[in-house]
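Working through the structure, step by step
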Amino acid sequence: QVQLVESGGGLVQPGGSLRLSCAASGFSFGSYVMSWYRQAPGKERELVARITQSGSRINYADSVKDRFTISRDNAANTVYLQMNNLQPEDTAVYYCNAAFITNNYWGQGTQVPVSS
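This write-up is about the structure you can find in this document.

**Remarks on the overall build of the protein**
Scanning the protein from terminus to terminus reveals zero helices and ten strands. Helices and strands in the protein line up, N terminus first, as β-β-β-β-β-β-β-β-β-β. For 116 residues, the compact-globule estimate of 2.2 N^0.38 gives 13 Å, and the protein sits close to it at 13 Å. Projected onto its principal axes, the C-alpha positions of the protein cover 40 × 25 × 25 Å. Across the protein, every contact between residues at least 6 apart in sequence was considered, and the portion connecting residues at least 24 apart equals 53%. For the protein, the exposed surface amounts to about 6100 Å²; the carbon and sulfur share of it is 45%. Separation between the mean location of the 9 positive side-chain charges and that of the 8 negative ones in the protein comes to 4 Å.

What follows is the structure, given as structure tokens:
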């Protein structure tokens, strides 16, 4: 069955870094646009970054540009989110998403609290 399993979250101090991973299985990973979303307490889920199937096009939310980097390894069926200079406002549950035409899959999320 389809699975998206996020890992790499955890408590980090302001200014610190984390690398999130999302391992996919059960579908043709290379055919899907992959994205990272986040949802902060009391807020709606928002798009953080998106990468196309070949990695040729990447989009970031303005709030994370120049700090976060999305990448993918189609051979390993994995998408990554490198997060640098994390700030308290980055505190959220981070979700992996896979989308292709009408198919839309979500991971279970990984918590990233940013606090001193």
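Now that the structure has been shown, we can carry on.
**A closer look at the environment of alanine 98**
Residue position: alanine 98 is located in strand 8 (residues 92-100). Overall, alanine 98 belongs to the buried group, its relative accessible area being 0%. With sequence-adjacent residues up to four places away left out, alanine 98 is seen in contact with Leu4, Phe27, Tyr32, Val33, Met34, Asn103, Asn104 and Tyr105.

**Here we look at the pattern of salt bridges**
The full count for this structure, using the stated rule, is four salt bridges. Between aspartate 90 and arginine 38 there is a salt bridge, with its nearest N and O atoms 2.9 Å apart. Residue aspartate 90 is found in the loop between strand 7 (78-83) and strand 8, and its partner arginine 38 is found in strand 3 (residues 33-39); the two are separated by 52 residues along the sequence. Its salt-bridge partner being lysine 65, residue aspartate 62 comes within 3.2 Å of it at the nearest N-O pair. Here aspartate 62 falls in the exposed class, since its relative accessible area comes to 64%. A relative accessible area of 42% means that lysine 65 is categorised as partly exposed.

What counts and how
Residues numbered from 1 in each chain as written. Predicted model: local features only at pLDDT ≥ 70, side-chain atom pairs only at ≥ 80, totals over all residues. Heavy atoms only, no water. Helix = DSSP H or I, 4+ residues; strand = E, 2+ residues; numbered from the N terminus. Rg over C-alpha atoms; globule rule 2.2 N^0.38 Å. Contact = heavy atoms within 4.5 Å. Areas by Shrake-Rupley, 256 points an atom, 1.4 Å probe, with all protein chains shown as cover. Lys, Arg positive; Asp, Glu negative; His and termini not counted. Charge placed at Lys NZ, Arg CZ, Asp CG, Glu CD. Buried < 20%, exposed > 50% of the residue type's maximum accessible area, 1.4 Å probe, protein only. Salt bridge = Lys/Arg side-chain N within 4 Å of Asp/Glu carboxyl O.

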